[in-house]
Amino acid sequence: MTSVVRIGCAGGMWGDDLDAPRRLVEGAPLDYLMLDYLAEVTMSILQKQRARDPRAGFARDFPATVVSVLPAIRTRGLRVLADAGGVNPVGCGDAVRDAIAKAGAAGEVRVGVVTGDDLLPRLDALLAAGHELRNMDTGEPLAAVRDRVVAANAYIGADGLVAALDQGAQVVVTGRCADASLCLAPLVHEYHWPADDWDRRAAGMIAGHIIECGAQCTGGNCLHDWESIPDLANVGYPIVEVAADGTFVVTKPEGSGGRVSVLSVTEQLVYEIGDPRAYLTPDVSCDFTGLALTQAAPDRVAVRGARGTPKPAQLKVSIAYTAGYKAIGTLTYAWPDALAKAQRADAVLRERLDRAGLRFDAIVSEFVGAGATHGTVAPQTELPEVGYRIGVRDADKAKVDRFTREVAPLVLNGPPSATGYAQARGKVEEVVAFWPALIDRQAVDVHVEVRA
Amino acid sequence: MRIRLLDLAHARSGDKGDRCNVGVIARRPEWYTVLAAYVTADAVARHFQGRIRGPVERYELANLSALNFVLHGALEGGGTLSLRTDAQGKVFSTDLLRLELDLPDELAARLSLPGRPS
């Protein structure tokens, strides 16, 4: 058997299965473990946490996760890469070192920290230097929302992670990077793929794209033949076994639940992509249209044919800004005429809101069970119950707060058969919106520090 | 013959800003030709009419027996702004599988499509 590098992914979002890393590491021989924590919205939440406490702003679960796989790091040479650093990778690195010390291995594990993605402290200087950070979708300059910006992060690529591994880091934390770069970095470190070997870099990123959402490629959220996918309670998280030529096999630990099939992997390949000939990442532009997938064995899918073209000159920047407040209230209406009652309740409520002079930037009513998520459903009759869900959004917090008091009274003073009213009074939440922009690569300085 | 897309394909969808992408995958490789010929960007735009504000782009992945649709203006400004249950467009995928295709009986017979008589 030709030698391969084995990379597992045991976390596709912050809030994913806490026990998955340990199970994956104990279930299969792994060289690297990657964990992705950062959805777009996560960065703004972390920025707010850091504003309250300068030591916060990273995925607090991560130090304990490192400890849960510490035996493998110390005795089997496992190395861990994660974007758990959030908006405070340095603080995250310190917390990891502390947790390792508390676990009795003080100074025995080299922890690398990659920084440079966080543009918030430099934002005004960047604007002054002529980086307009125009909205990629609308073309507007950032000035339109500058005073409401709460986070600004460039998607950095694999280079800093590779440097940390080259310097001997056994655990690497960073902030915002492209998720799949966590997979490409170990491959570049191990195989020394040249910087302009775009096909193999694309292979590494595509391998990362397949596993970056954890169990979404091993049977989780898999529509194809979903009823027959075995043992999701014990679903196996994914592993890629990547050869030096960039071909790889997607698999999962033996004896674990779930399924790795050509179609389960294909569902993940098409997830959250645009043009499949130009899937842009900080490291390479990937072409999916030459990929060939084959079922090499049960729960083993072989992938070859990745192609790449040079990386883009600019990096994507995700900028988060506050955009008012929202609240959602729900009630349930029961048979008979469940949908008609819910619709009448909506009309009554809207008339009351109108009379109170409450107009919102956005208001949306849905009838859950009667086509809330699918817009193309014919009206149903004889439904046993229908959920009535109404949400509003507005710049004025007081208006949204007033709205939350208007739903519950319907139980007593609206159409009959309302129940399930514990959630009638919604919670007012601040809304964060996103401003996608581009920045010249040269404007982003990546810094790497490795120490035990 | 009238055939529901669900019987020919499976799908997954997700969000990027105010865009939703729906990847549609033929249940058998030989059925991809039906998707390519009949599930046009126009058909998808009509299916989601009233729910999306922008155009629909279609990309072909013949090697994966799949099509990728990018729906612009699909999420009321974006996942965090949207007040919908499906704020991130996670089930636009199965919504699209409700699409009904009118196919020649001869084609359906030749490809052994699991259709119902029209």
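An account of the accompanying structure is given in this report. (Residues numbered from 1 in each chain as written. Chains lettered and ligands numbered in written order. Predicted model: local features only at pLDDT ≥ 70, side-chain atom pairs only at ≥ 80, totals over all residues. Heavy atoms only, no water.)

**Examining helix α10 (residues 262–269) of chain A**
Think of an α-helix as 3.6 residues a turn; residues three or four steps apart then line up on the same face.
Then, in step 1: Burial analysis of α10(A) places seven of its eight residues in the buried class, the great majority of the element.
Then, in step 2: Within the sequence span of α10(A), burial applies to L263(A), S264(A), V265(A), T266(A), E267(A), Q268(A) and L269(A).
Then, in step 3: For α10(A), the secondary structure elements touched by its buried residues are α9 (198–211), β8 (248–251), β11 (292–297) and β12 (300–304) of chain A together with β2 (9–16) and β3 (19–26) of chain B. (Buried < 20%, exposed > 50% of the residue type's maximum accessible area, 1.4 Å probe, protein only. Helix = DSSP H or I, 4+ residues; strand = E, 2+ residues; numbered from the N terminus. Contact = heavy atoms within 4.5 Å.)

**Some points on the state of the cysteines**
All names here are of chain A.
Then, in step 1: Considering all chains together, one arrives at zero disulfides over all chains under this definition.
Then, in step 2: Cysteine C9 remains unbridged, with the sulfur of C213 as its closest cysteine sulfur at 7.9 Å.
Then, in step 3: On the accessibility criterion, C9 (0% relative accessible area) is buried.
Then, in step 4: Between C92, a free cysteine, and C177, which holds the nearest cysteine sulfur, the sulfur-to-sulfur gap is 12 Å.
Then, in step 5: Using a relative accessible area of 0% as the deciding quantity, one classes C92 as buried. (Disulfide = S-S within 2.5 Å.)

**A short note on the interface of chain A and chain B**
Then, in step 1: Taken together, the contact pairs 48 residues of chain A with 37 residues of chain B.
Then, in step 2: Across the interface of chain A and chain B, roughly 3500 Å² is buried in total on both sides, 56% from carbon and sulfur atoms.
Then, in step 3: Looking only at chain A, the three residues that lose the most surface to chain B are V270(A), E272(A) and H374(A), adding up to 17% of its buried area.
Then, in step 4: For K16(B), the salt bridge goes to E272(A), with nearest N and O atoms at 3.8 Å.
Then, in step 5: Secondary structure elements with two or more residues in the side of chain A that touches chain B: α10, β14 (314–334), β15 (362–368), β16 (385–394) and β18 (429–440) of chain A. (Buried area = accessible area lost by both parts, 1.4 Å probe. Salt bridge = Lys/Arg side-chain N within 4 Å of Asp/Glu carboxyl O.)

**A word on the layout of surface pockets**
Then, in step 1: In this model, the second largest pocket occupies a volume close to 250 Å³.
Then, in step 2: Around the second largest pocket, the lining is made up of 15 residues, and of these E241(A), T251(A), K252(A), E254(A) and R300(A) lie nearest the centre. (1 Å grid on protein atoms, 1.4 Å probe; cavity = no way out; pocket = protein on both sides within 12 Å on 5 of 7 lines; lining within 4 Å. Points joined across faces, edges and corners; volume = space filled by probe spheres on them.)

**Focus on the sheet that holds strand β9 (residues 279–280) of chain A**
All names here are of chain A.
Then, in step 1: Read across the sheet, three strands follow the order β9-β10-β13 without closing on themselves; strand pairing throughout is antiparallel. Strands at the two margins of the open sheet, each flanked by one partner only, are β9 and β13 (307–309).
Then, in step 2: Judged from the three bridges that link them, strand β10 (residues 285–287) and β13 form a sheet pairing that is antiparallel. Across the sheet, residue D287 finds its bridge partner in β13, namely R307.
Then, in step 3: Contacts between α9 and the sheet are confined to β9, β10 and β13, with β13 contributing the most and set at about 115 degrees to the helix. (Pairing = 2+ DSSP bridges. Axes fitted to C-alpha atoms, helices over the stretch in contact; angles between N-to-C directions.)

**A short note on the environment of T332(A)**
All names here are of chain A.
Then, in step 1: On the secondary structure map, T332 appears in strand β14.
Then, in step 2: Residue classification places T332 among the partly exposed positions, given a relative accessible area of 24%.
Then, in step 3: Sequence-distant contacts of T332, that is, excluding residues within four places in its chain, are made with E385, V386, G387, S417, A418, T419 and G420.

**What about the packing of aromatic side chains?**
Residue and element names in this part refer to chain B.
Then, in step 1: Counted under the stated rule, the structure contains seven aromatic pairs over all chains.
Then, in step 2: Taking 5.3 Å as the distance between ring centres and 20 degrees as the angle between the ring planes, the aromatic pair formed by F48 and F92 counts as stacked. Taken as a pair, F48 in the loop between α3 (41–47) and β4 (56–61) and F92 in helix α4 (residues 92–96) lie far apart in primary sequence, 44 residues in all. For the pair F48 and F92, one class covers both residues: buried. (Phe/Tyr/Trp six-rings, centres within 6.5 Å; stacked < 30°, edge-to-face > 60°.)

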